[in-house]
Amino acid sequence: MICVLALVFLAANPSGGEKSGGTNEEMYGETVANLGDDEQFALVDIGMANDVLLVTDGSYDYDGVNASIGCEVYYYIDGEVRDLGRIESMSTAYPVCYGDKCLYTASNSSFEIYVIDTAERVLVTETQYKADYSEDDGVYYKITDGAEIISEEEFWASFEIYGAGTVVNFGYGASDTDSVDLGAYGVEYQAFTEDTLYPYLLEVAESEDIDLLETWYTQVDELTADIGEDVGAETIEIYTGDSGDGDSGIVLFKNADGEVFYAETAHTSRAGWNNIYLGSMDGTDFIMTLYIEDRDVYGAYSYQVFRLGEDGQILQLAGSSFRFGSEYLYDDDIFHAWRMI
């Protein structure tokens, strides 16, 4: 579990915009994290309040798209992710597609249109076109509230709706990251880089004979967590203010004796600097910093996960970076593969 500190400065939007239920990470993050190694997922915008999460256990290449003939459908409704069931085509010639507020499956003898009924929290087959070839000439149906016999021409004309749909492109699951050339996108271990701005600001304040926090900052929150190796819980003080170059913030980490033994800074107007999180996994608290810089033709994402030693030394637990730029364009599938490492 990762809980965001009260001070979080996002210099760029790393994923889709805010939906009615929050960001995709907030809504579907836990579901995606619990997928199996052989599962792949896609988040598709079909024009509803939130994106739809589709999960498959097998994909194939369809005109350059990681397509699938079947998938599980998840949707965020009333504060929770609902598993709405599985949809499936009967041929690789008809991968799962989506249109305006609907999903499509098909075969040589049928075409289905599915919609999500948010009031009833179910996936509904709104319309099905079906051919019965048991008769010599075939019998063709359009099924909505009831079955209506239609002509063969009308039956095949319905497939124009399917053809106008978008084939779902399933991203990489956890087991696929080994086969992706992540190195080509500057993926590498991210060694810890210590934040040196706070000591510098202290020097500036001292040279002007002022108190840094009292003059330029206001404390907005205080948290307690066991993010250090010394005895007792540590205190995390969060300050916001302006030291002369725009809205910024300082997070002070204090030991059980109330002594500052580490600090991180953040800024609202400078790309990539800085996002600070407090997290816990398997009963162990940790600090995570996240760097985001997303330009038109280049950018970088990186994170560092660490705890603090008795004297404030960095005890790094994890770190990785993903960079793209001049010789390689950003690729969404590869970015999601990096996220699954």
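This write-up is about the structure you can find in this document. (Residues numbered from 1 in each chain as written. Predicted model: local features only at pLDDT ≥ 70, side-chain atom pairs only at ≥ 80, totals over all residues. Heavy atoms only, no water.)

Turning our attention to helix α4 (residues 197–207). Inspection of α4 places Tyr198, Leu201 and Ala205 among the buried residues, and these make up the whole buried set. In a view along the axis of α4, the buried residues occupy a sector of 60°, so they form one face of it. Exposed and oriented more than 90 degrees from the buried face of α4 are Glu203, Glu206 and Ser207. Buried residues along α4 sit in contact with α5 (212–216), β16 (217–225), β18 (247–254) and β19 (260–267). Trailing α4 by a residue or two, Asp209 shows a phi angle of about 60°, which is positive. (Buried < 20%, exposed > 50% of the residue type's maximum accessible area, 1.4 Å probe, protein only. Helix = DSSP H or I, 4+ residues; strand = E, 2+ residues; numbered from the N terminus. Arc of directions from axis to C-beta. Contact = heavy atoms within 4.5 Å.)

Read across the open sheet, the four strands follow the order β2-β3-β6-β7; overall the sheet is antiparallel. Edge strands, defined here as strands with exactly one partner in the open sheet, are β2 (40–44) and β7 (80–88). Across this sheet, the average inter-strand angle for adjacent strands is 25°, counted without regard to direction. Bridging between strand β3 (residues 52–56) and strand β6 (residues 70–77) involves four bridges; their strand directions are antiparallel. (Pairing = 2+ DSSP bridges. Axes fitted to C-alpha atoms, helices over the stretch in contact; angles between N-to-C directions.)

What follows concerns the pattern of salt bridges. Summed over the entire model, instances satisfying the criterion amount to seven salt bridges. One salt bridge in this structure joins Glu80 and Arg121, with 3.5 Å as the shortest N-O distance. Taken together, the residues span a long stretch of sequence, with Glu80 in strand β7 and Arg121 in the loop between β10 (110–117) and β11 (122–132) at a distance of 41 residues. Note that Glu88 and Arg86 form a salt bridge whose closest N and O atoms lie 3.2 Å from each other. (Salt bridge = Lys/Arg side-chain N within 4 Å of Asp/Glu carboxyl O.)

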